[in-house]
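One-letter residues, chain by chain:
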Amino acid sequence: MTRSIPCWFALAFVVAGSAPAVAQDKEERRAEGEAPAQEMTPVADVPDPATPAAEVSTAGPSIAGYVNTTYNYNLNAPASGVNGAFSYSAAHNSFMLNAAHVALNGTVGDNVAYAIEVDMGVDAAVTSGDDDFDIQEAYGVYTSGKLGFKGGKFVTFNGIEVIESPDNPTISRGYLFGLAEPFTHVGALAMYQANDQVDVALGVLNGWDLMIDNNRAKTIVGKMGMNTGDALALTISAYAG
């Protein structure tokens, strides 16, 4: 049993805008017990082809963000000055700019949505592996009725922990997040919203935390989610590759 008792303080400022329904804000899904980027919201039927292009609605972009800074002190005072490998609160006895986070999303017409999220700071260095700037997510979504397609870079289905510190269950992260679970994927997904409570997804990915695949094989991902509101939220996901 470890005797390490890190203590820290965190200050976060949030400026948020309303996100379009088709690209729901990730924080809302997390509050319902869902893993990030899991849920697809059905949109209206495809507009009549005879509708003039000038009448196709465009919402957004909507911009939100926060700044998160912490002070970390480990009562064990590690000689290395580091609290632990692969940690978002790695530096001992240090102030850190954990993240300056900016999220932009919107819709084009009734069927196309987009989202871009950027992180700058030491959290980005952990997520990306080496750089203090990281494009956390950048993807497009096309939906028609209950069927949808997503392509680009998006966060994982796995686990309950998230990259954004203000929305994580705790200000720090468990060692499973990153060591045993991925942060993000680059690939494409087909999604189906069976009803208001059940959705499924199946897709092909480059692998774990990779912008460009590093081998000849792709990773297959499958996911089923059930959300009954405050009473129960359950997600089952699997990766092979």
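The rules we used
- Residues numbered from 1 in each chain as written.
- Predicted model: local features only at pLDDT ≥ 70, side-chain atom pairs only at ≥ 80, totals over all residues.
- Heavy atoms only, no water.
- Helix = DSSP H or I, 4+ residues; strand = E, 2+ residues; numbered from the N terminus.
- Buried < 20%, exposed > 50% of the residue type's maximum accessible area, 1.4 Å probe, protein only.
- Contact = heavy atoms within 4.5 Å.
- Areas by Shrake-Rupley, 256 points an atom, 1.4 Å probe, with all protein chains shown as cover.
- Salt bridge = Lys/Arg side-chain N within 4 Å of Asp/Glu carboxyl O.
- Patch = residues over 30% accessible without salt bridge, like charges linked within 9 Å, V, L, I, M, F, W, Y side chains within 5 Å.
- Core = buried A, V, L, I, M, F, W, Y, C linked by side-chain atoms within 4.5 Å.
- Pairing = 2+ DSSP bridges.
- Phe/Tyr/Trp six-rings, centres within 6.5 Å; stacked < 30°, edge-to-face > 60°.

**Q** Please give an account of the overall build of the protein chain that cites residues and values.
**A** Each helix and strand counted, the protein chain has three helices and 10 strands in total. For the protein chain, the α and β elements follow one another from N to C terminus as β-α-β-β-β-α-β-β-α-β-β-β-β. Classification of the 241 residues of the protein chain by burial places 39% in the buried group. Within the protein chain, counting contacts between residues at least 6 apart in sequence, those at least 24 apart form 58% of the total. Just so you have it, the protein chain exposes about 12,500 Å², and 63% of that area is on carbon and sulfur atoms.

**Q** Give me the lowdown on the pattern of salt bridges, citing residues and values where you can.
**A** Overall, the coordinates contain four salt bridges when judged by the stated rule. The shortest N-O distance in the salt bridge between D123 and R173 comes to 3.9 Å. With D123 in helix α2 (residues 122–128) and R173 in the loop between β6 (147–155) and α3 (176–179), this residue pair connects regions lying 50 residues apart in the sequence. One salt bridge in this structure joins D134 and K153, with 3.5 Å as the shortest N-O distance. Taken together, the positions of D134 in strand β5 (residues 133–144) and K153 in strand β6 put the pair 19 residues apart, joining distant regions of the chain. K153 shares its class with D134; the two are buried.

**Q** Now, about a nonpolar patch on the surface: what can you tell me, with residues and values included?
**A** Taken together, V108, V112, Y142, L147, F149, Y192, V200, M224, L232, L234 and I236 make up a surface patch of nonpolar side chains, about 930 Å² in accessible area. Structurally, Y142 is set in strand β5. With relative accessibility at 37%, the residue Y142 sits in the partly exposed group.

**Q** A description of the nonpolar core should follow, citing residues and the corresponding values.
**A** Of all hydrophobic cores here, the largest spans 11 residues; its members are A113, A115, Y139, V141, F154, F157, L189, M191, A201, L205 and V221. Listed by contribution, the elements that provide at least two residues to this core are β4 (112–120), β5, β7 (184–193) and β8 (198–205). Leaving out residues up to four positions away in the same chain, L189 has contacts with G148, F149, K150, F154, F157, L202, G203 and V221. Judged by nonpolar contacts, the second largest core, of six residues, contains V126, V155, I163 and F177.

**Q** Could you give an account of unusual backbone geometry, with specific residues and numbers?
**A** Of note, the phi angle at N93 is positive, near 55°, even though the residue is not glycine. Positionally, N93 belongs in the loop between β2 (58–74) and β3 (94–108). Among the residues examined, N93 registers a relative accessible area of 45% and is labelled partly exposed. Even without being a glycine, D209 presents a positive backbone phi close to 50°. Its location among the elements puts D209 in the loop between β8 and β9 (219–227).

**Q** Tell me about the pairing of β8, residues and numbers included.
**A** Only one face of β8 is buried, namely the one carrying D199, A201, G203 and L205, since none of V198, V200, L202 and V204 on the opposite face is buried. A loop of four residues connects β7 with β8, the two strands running antiparallel in sequence. When β8 meets β9, the two strands line up antiparallel, connected through eight bridges. In the strand pairing of β9, G203 is matched with V221.

**Q** Lay out the packing of aromatic side chains with the relevant residues and their values.
**A** Overall, the coordinates contain two aromatic pairs when judged by the stated rule. Between Y71 and F95, the ring centres sit 4.8 Å apart and the planes meet at 45°, which makes this aromatic pair tilted. Remark: F95 occurs in strand β3 and Y71 occurs in strand β2; sequence separation between them is 24 residues. On the basis of relative accessibility, which here comes to 21%, the residue Y71 falls in the partly exposed class. On the basis of relative accessibility, which here comes to 67%, the residue F95 falls in the exposed class. With centroids separated by 4.9 Å and ring planes inclined at 85°, the aromatic side chains of F177 and F183 adopt a geometry described as edge-to-face.

**Q** Before we move on, could you go through the pairing of β6 and cite the residues and values that matter?
**A** In this sheet, β6 lies alongside β5 in antiparallel orientation, the contact comprising seven bridges. Across the sheet, S144 pairs through a bridge with L147, a residue of β6. Turn length for the β5-β6 hairpin, with the two strands adjacent in sequence and antiparallel, is two residues, and the turn residue G145 shows positive phi of about 65°. Bridge count between β6 and β7: nine bridges; the pairing is antiparallel. Residue V155 lies in a different strand from β7, and its bridge partner there is T184.

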